[in-house]
Amino acid sequence: MRHVAGFSNSTKIRFNVNGFGMYGTINDIYTKIATVTHGDALRLAIQKLAYDRRRSPFTGEGRPVGVNITHEGHDVQITLMAN
């Protein structure tokens, strides 16, 4: 079962939380994040990226490959990596 509509669980991503960066997959942010608040922030960010990518053809914008958000004091950046 996919964690995020529009992405495979094995999609490679680079993510930063409060300046600490890691490489992984979408599945990793659902299964291997140490704290609940960091995991919540990452999951919200990937959901926002999926929404922005679904919405982009209708708004005439380019298809985004990354997103930056702040959630409960955590600065989060997620970027899709080329396979």
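First, a word on scope: everything that follows refers to the structure included in this document. Here, residues in each chain are numbered from 1, in the same order as that chain's written sequence. Per-residue local features of the predicted model are confined to residues with pLDDT of at least 70, and side-chain atom pairs are confined, for both listing and counting, to 80 or more; whole-chain, interface and lining totals are unaffected and use all residues. Values shown for side chains rest on all heavy atoms present in the structure; no hydrogens or waters enter the calculation.

**A few points about unusual backbone geometry**
Here is the rule we go by: What counts as a helix is a DSSP run of H or I of at least four residues, what counts as a strand is a run of E of at least two, and both are numbered from the N terminus.
The backbone of N18 shows a phi angle near 50°, a positive value even though the residue is not glycine. With respect to the helices and strands, N18 occurs in the loop between β1 (12–17) and β2 (20–25). A positive phi angle, near 50°, is found at E72, a position not held by glycine. Among the structural elements, E72 can be located in the loop between β3 (66–71) and β4 (74–80).

**Some details on helix α2 (residues 36–59)**
Test applied: Helices are assigned an expected span. That span is 1.5 Å times one less than the residue count. By the convention used here, residues are in contact when the closest approach between their heavy atoms is within 4.5 Å.
Over its 24 residues, α2 runs 34 Å from end to end, which matches the ideal 34 Å to within 8%, given 1.5 Å per residue. Turning to α2, the residues buried within the fold contact β1, α1 (26–31), β3 and β4. Positive phi appears at G60, one or two residues downstream of α2, with a value of about 80°.

**Some points on the layout of surface pockets**
Defined as follows: A 1.4 Å probe that fits into a set of points on a 1 Å grid over the protein atoms alone but cannot get out defines a cavity; an open set with protein on both sides within 12 Å along at least five of seven lines defines a pocket, and lining residues are those with an atom within 4 Å of a point. Grid points are joined across faces, edges and corners, and a volume is the space filled by probe spheres set on the points.
Taken as a whole, the largest pocket spans an internal volume of roughly 160 Å³. Every residue lining the largest pocket is listed: F15, V17, F20, M22, K32, I33, A34, T35, H38 and L42. Where the lining of the largest pocket is concerned, the elements lending two or more residues are β1, β2 and α2.

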